[in-house]
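# What the coordinates show
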Amino acid sequence: MNTQIENAYALAKERYGELGIDVENALAAFRQIPVSMHCWQGDDVVGFEQGAGSLSGGIQTTGNYPGKARSATELRQDLDFAMGLIPGAKRLNLHAIYLEADKPIARDQIQPEHFRGWVGWAKTNQVGLDFNPTCFSHPQSEDGFTLSHQDDKIRQFWIDHCKACRHISAYFGESLGTASVMNIWVPDGMKDLPVDRLSPRRRLMESLDEIIAEKIDERYHLDAVESKLFGVGLESYTVGSNEFYLGYAASRDIVLCLDAGHFHPTEVISDKISAASLYVRRMLLHVSRPVRWDSDHVVLLDDETQAIAHEIVRNGLLDRVHIGLDFFDASINRVAAWAIGTRNMKKALLKALLEPTEQLRQMETSGDYTGRLAMMEEAKSLPWQAVWDYACAIEGVPVSSYWLNDVRQYELQILEQRG
Ligand SMILES: C[C@H](O)[C@H](O)[C@@H](O)C(=O)CO
Ligand SMILES: [Mn+2]
């Protein structure tokens, strides 16, 4: 290892030691925290269904940067490369439309066998898999309703899709020895003011009850539900609102998914984690960056990402909060987008683990708010970056911005050849 990195690390350890922080412990914990990378950043949420239509459901990818993955093989190639730029434990979050089959398969007919390639890849790379039914980009979702549809046949189609997905998710968990978190998000809603807000919500509740009725061992599969405020073209009413799913997850003892882009612009999910932790056993986070709306920009090392990490670490929630990412930017190199967003989430976690939290707590308890603010601000410029560089170096991951050189090479040799 580069002696500069080692020397900086040794100095950082000394500095943190003065504050009573054991850097080696923090680093060991950091390396174990998985961040679930979302497959859909690699191909603009298109997937590999035969005859796939365009993205719908009120979500949008903007940009047309060249080189997106056109097959599962290309997506795995990009993921291999991107994961090699990121230190610590990683998982992959798949959507149902990323199946592999040589003929069209109806969504309610998908099987574990269609994901065998992904499980093989996950075993080789020692990563866990997570899963999502895909209740959008489909002719049966085009009028804005799926699991809450008033037409029983359409509703049943989506129920059956979600049931099929649970079996695939359990197959992931059993094959890989780590529970797959299966997150249900449906776009259901209306562009303009509905008269009846209740009936679709009752139908959604009943559909979900039918979906989760079959008990599946938690060692293999966990059910999660994701709320939303609005979608494009679905501005006035979202069936699966925050209140709906908070109540649903708490009353059914399943996982609550909080997406950073799914609330009012000044609302933050960092503040919701502690509150929800009192009522739900587990949470899934979709860490994202909304810019004026649920725009799914690449995650930054900004105040909110840091606050999310602090809330998880300070409250001892690492084993109850599953950290996933949800952004899709097609205006920049897609592999770089994964690297930037995931590295930032990881940096935030490392910084949180290196915080002098006990000292801050004591100041708060004794009413020393001046000291609390001063120390919180000083903690931001403690030498965490030397620890980060060391974490990258010991895992053979590029240090500092050197990963960008690798991405440029990859772009030239692989992405640009895709046409
Ligand atoms: C593709 C994802 O499932 C989707 O982004 C969902 O999680 C969401 O956040 C919709 O706005
Ligand atoms: Mn999301």
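In the annotation of an unreviewed UniProt entry, the entry for the protein reads L-rhamnose isomerase, and the organism field reads Celerinatantimonas diazotrophica. Reading the Pathway (unreviewed entry) entry of the UniProt record for the protein gives the comment "Carbohydrate degradation; L-rhamnose degradation; glycerone phosphate from L-rhamnose: step 1/3." What UniProt states about the protein under its Catalytic activity (unreviewed entry) heading is, verbatim, "L-rhamnopyranose = L-rhamnulose".

## Description of the coordination of the manganese ion (ligand 2)
Angles at a metal have ideal values that depend on geometry: 109.5 degrees with four tetrahedral donors, 90 or 180 degrees with six octahedral donors. Looking at the manganese ion (ligand 2), one finds its protein donor set to be E226 (OE), D259 (OD), H286 (ND1) and D326 (OD), positioned 2.1 to 2.2 Å from the metal centre. Classification of the site at the manganese ion (ligand 2) rests on its six donor atoms, whose angles at the metal span 71 to 169 degrees, yielding the label octahedral. Mapping the donors of the manganese ion (ligand 2) onto the primary sequence gives the spacing E-x32-D-x26-H-x39-D. Of this pair, D259 sits in strand β8 (residues 255-259) while D326 sits in the loop between β10 (321-325) and α10 (334-353), placing them 67 residues apart in sequence. Residue classification places D259 among the buried positions, given a relative accessible area of 0%. Among the residues examined, D326 registers a relative accessible area of 8% and is labelled buried.

## Examining empty space enclosed by the protein
The full count for this structure, using the stated rule, is three cavities of 30 Å³ or more. I59, H95, W185, E226 and D326 are, among the 18 residues lining the largest cavity, the residues nearest its centre. For the lining of the largest cavity, the residue count by class is seven nonpolar, five polar and six charged.

## Quick notes on the layout of surface pockets
Computed from the structure, the largest pocket encloses a volume of approximately 530 Å³. Along its surface, the largest pocket is lined by 24 residues, and D303, Q306, A307, H310 and K380 are the ones closest to its centre. Of all the secondary structure elements, the ones that give two or more residues to the lining of the largest pocket are α8 (270-277), α9 (303-314) and α12 (369-380). Examining the composition of the lining of the largest pocket, we find that seven residues originate from one element, α9, more than from any other. Each residue belonging to the lining of the largest pocket can be placed in one class, and the counts come to ten nonpolar, four polar and ten charged.

## Examining helix α3 (residues 72-83)
For α3, spanning twelve residues, the distance from its first C-alpha to its last is 16 Å, which sits close to the expected 16 Å at 1.5 Å a residue. Within α3, nine of the twelve residues are buried, which leaves the element mostly enclosed by the surrounding structure. If you check which residues of α3 are buried, you get A72, E74, L75, R76, D78, L79, F81, A82 and M83. In this structure, the buried residues of α3 make contact with β1 (35-38), β2 (90-95), α4 (116-125), α10 and α14 (402-413).

Quick notes on the rules
Residues numbered from 1 in each chain as written. Chains lettered and ligands numbered in written order. Predicted model: local features only at pLDDT ≥ 70, side-chain atom pairs only at ≥ 80, totals over all residues. Heavy atoms only, no water. UniProt positions renumbered as here; feature names shortened; annotations may be inferred. Donors = N, O, S within 2.8 Å, 3.2 Å for Na, K, Ca; no water. Tetrahedral: all angles 85-135°; square planar, octahedral: opposite > 155°, others 65-115°. Helix = DSSP H or I, 4+ residues; strand = E, 2+ residues; numbered from the N terminus. Buried < 20%, exposed > 50% of the residue type's maximum accessible area, 1.4 Å probe, protein only. 1 Å grid on protein atoms, 1.4 Å probe; cavity = no way out; pocket = protein on both sides within 12 Å on 5 of 7 lines; lining within 4 Å. Points joined across faces, edges and corners; volume = space filled by probe spheres on them. Nonpolar A, V, L, I, M, F, W, Y, C, P; charged D, E, K, R; others polar. Expected span 1.5 Å × (residues − 1). Contact = heavy atoms within 4.5 Å.

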